[in-house]
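# Residue-level structural notes
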Number of protein chains: 2
Amino acid sequence: MTEIVFESIYRERFPFWEKISDEDREYICRNSYSVAYPRGRNIHDGSDCSGVILVCSGCLRLYMMSDEGKDITLYRLHEGDLCMLSASCVLDAITFEVFVDAEQDSQCCVVSGPAFAAVSQRNPDIRIFALEAAVSRFSDVMWVMQQILFMSMDKRLAIFLFDESVRTGSDILTLTHGQIARYMGSAREVVSRMLKYFAGEGIVEVSRGGVTILDRKRLQKLTL
Amino acid sequence: MTEIVFESIYRERFPFWEKISDEDREYICRNSYSVAYPRGRNIHDGSDCSGVILVCSGCLRLYMMSDEGKDITLYRLHEGDLCMLSASCVLDAITFEVFVDAEQDSQCCVVSGPAFAAVSQRNPDIRIFALEAAVSRFSDVMWVMQQILFMSMDKRLAIFLFDESVRTGSDILTLTHGQIARYMGSAREVVSRMLKYFAGEGIVEVSRGGVTILDRKRLQKLTL
């Protein structure tokens, strides 16, 4: 990709773009590169600063991993989303490790971490943009943690869906989120969000009429 | 407290203080109040915006709570620390709920959320300060989550300490953090940090020579 192409992408994606100097814009473009990540490729393993990643197409998955290789999806990034957690050198405050994989074939623009950090030192608007991108993901992460840690909502929902499919003899459950919530003694918003999480993991498909189980094995594993 | 007292406290605690206008400084002081929270008092229950809390003395505890009343300490705030997570109206990106209690008798300065938000809209330096305060806590929270969720490090360490005290017939364990880590097959930094977490909870006391168990009942509860 040429610098002109980066410039046009960043102009569209970065709200601070018009507010910074020509020199800083050129500097960012000169320190950018485009990468095509094939599906399944690990992009960031938490150990060093992989830069600021802007997803142009495809999908990236952020997750935490235990020593034993167990992983928990924190969230996914789609077209137009920015990954700040891979740029620990930009935000000093971030001292934890996350992993990033390409979940689909993905085309990304990557701004080198030190270059982004240098320009953001000079421009409060960039610093605010980067910090807000990080803080907004904080909320997503907290939600996942809270559900899994406290309520075992993933397990409870999996048990409900599994039992219901055994009871009806079908992988297609014609139940609204509100109905599921009432059966489970939970809130509709919680059930909707957890179903979306399951859908993201490819375990179920959610439609207007109900829920379809796509991966029975993984669902059953969650009930254990 | 008078506005002059707030002014002198904020001058010392807020790195942005010199960079904002006289009017904004006055506005913040006028919209501040001082509160003495007795030990054990709940200060924030996640439901509305309690403002930006600056701890002048004492100690606040931030935690998450489940429907069943189980709680997990995320971190503590001491003298000079700022609580941004109680001010969800300042940082729109924060949509999760935390609870804040006074763990000791605590004297705090509270800036009203809307006033702080209004001034930070006009001053990028304040916005950056507030966001950085939030992001730096993100790392603390992730660490706690990771240890508890993945490694069950709290449980593993509790089991080790409990078994060791039974074996030696003493509540005083003369072992270094490094030794404990080696016995447990973990890293010294992880053990040190988890011991500090236990110490914060009043379960153990950590000294140069080793670890003293203070609350045997709670330690045993963690081993289950």
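In case you missed it, the structure is sitting above this.
First, a word on scope: everything that follows refers to the structure included in this document. Every residue gets a number counted from 1 within its own chain, in the order that chain's sequence is written. To read the labels, note that chains go from A and ligands from 1, taken in the order they are written. This being a predicted model, a pLDDT of at least 70 is required before a residue's local features are given, and a value of 80 or more before pairs of side-chain atoms are given or counted; all residues contribute to the totals for chains, interfaces and linings. Where side-chain values are given, they derive from all heavy atoms of the structure, hydrogens and water being excluded.

### Overview of the sheet that holds strand E2 (residues 42-44) of chain A
Residue and element names in this part refer to chain A.
- Ordered by their spatial adjacency, 4 strands build an open sheet running E2-E7-E4-E5, and the pairing between neighbours is antiparallel. With partners counted over all chains shown, the strands left at the sheet margins are E2 and strand E5 (71-77), one partner each. On average, each strand axis in the sheet is tilted by 35° relative to the strand beside it, whichever way the strands run.
- The pairing of strand E4 (residues 60-65) with strand E7 (residues 99-102) spans 4 bridges and is antiparallel. Counterpart to Leu62 in the pairing with E7 is Val100. Following DSSP output, two strands are said to pair if at least two bridges run between them. What counts as a helix is a DSSP run of H or I of at least four residues, what counts as a strand is a run of E of at least two, and both are numbered from the N terminus. Axis geometry follows a simple rule: fit a line to the C-alpha atoms, using only the stretch in contact for helices, then measure angles between N-to-C directions, giving values from 0 to 180 degrees.

### Some remarks on helix H7 (residues 188-200) of chain A
- Take the number of residues in a helix, subtract one, and multiply by 1.5 Å to get its expected span. With 13 residues, H7(A) extends 18 Å between its outermost C-alpha atoms, agreeing within 8% with the 18 Å of an ideal straight helix rising 1.5 Å per residue.
- Each residue is placed in one exposure class: buried if its accessible area under a 1.4 Å probe, protein chains only, is under 20% of its type's maximum, exposed if it is over 50%, and partly exposed if it falls in between. Residues of H7(A) that are buried: A:Val191, A:Ser192, A:Met194, A:Leu195, A:Tyr197 and A:Phe198.

### Here's the deal with the environment of B:Leu173
All names here are of chain B.
- Inspection of the secondary structure assignment puts Leu173 in strand E9 (residues 172-173).
- As a C-alpha pair, Leu173 and Thr212 span 39 residues in sequence and 6.1 Å in three-dimensional space.
- Any two residues having at least one pair of non-hydrogen atoms within 4.5 Å are treated as being in contact. Setting aside residues no more than four positions away along its own chain, Leu173 makes contact with Leu161, Glu164, Ser165, Thr168, Gly209, Gly210, Val211 and Ile213.

### Overview of the packing of aromatic side chains
- Think of it this way: a Phe, Tyr or Trp ring, Trp meaning its six-membered ring, pairs with another when their centres are within 6.5 Å, and the plane angle makes it stacked under 30 degrees, edge-to-face over 60, tilted otherwise. In total, this model carries 19 aromatic pairs over all chains according to the counting rule given.
- With 4.9 Å between their ring centres and 25° between their planes, B:Tyr10 and B:Phe14 make a pair best called stacked. Just as B:Tyr10 is buried, B:Phe14 falls in that class too.
- Aromatic pair B:Phe16 and B:Phe129: ring centres 5.3 Å apart, planes at 65°, arrangement edge-to-face. Of this pair, B:Phe16 sits in the loop between helix H1 (3-13) and helix H2 (22-30) while B:Phe129 sits in helix H4 (residues 124-151), and the two are 113 residues apart along the sequence.
- Through a chain of ring-to-ring contacts, three or more aromatic side chains come together here, namely A:Phe6, A:Tyr10, A:Phe14, A:Phe16, A:Trp17 and A:Phe129.
- When the ring centre of A:Tyr63 is taken as origin, the NZ or CZ atom of A:Arg61, which lies over that ring, is 4.2 Å away. In our convention, an over-ring charge means Lys NZ or Arg CZ found within 6 Å of a ring centre and within 35 degrees of that ring's normal.

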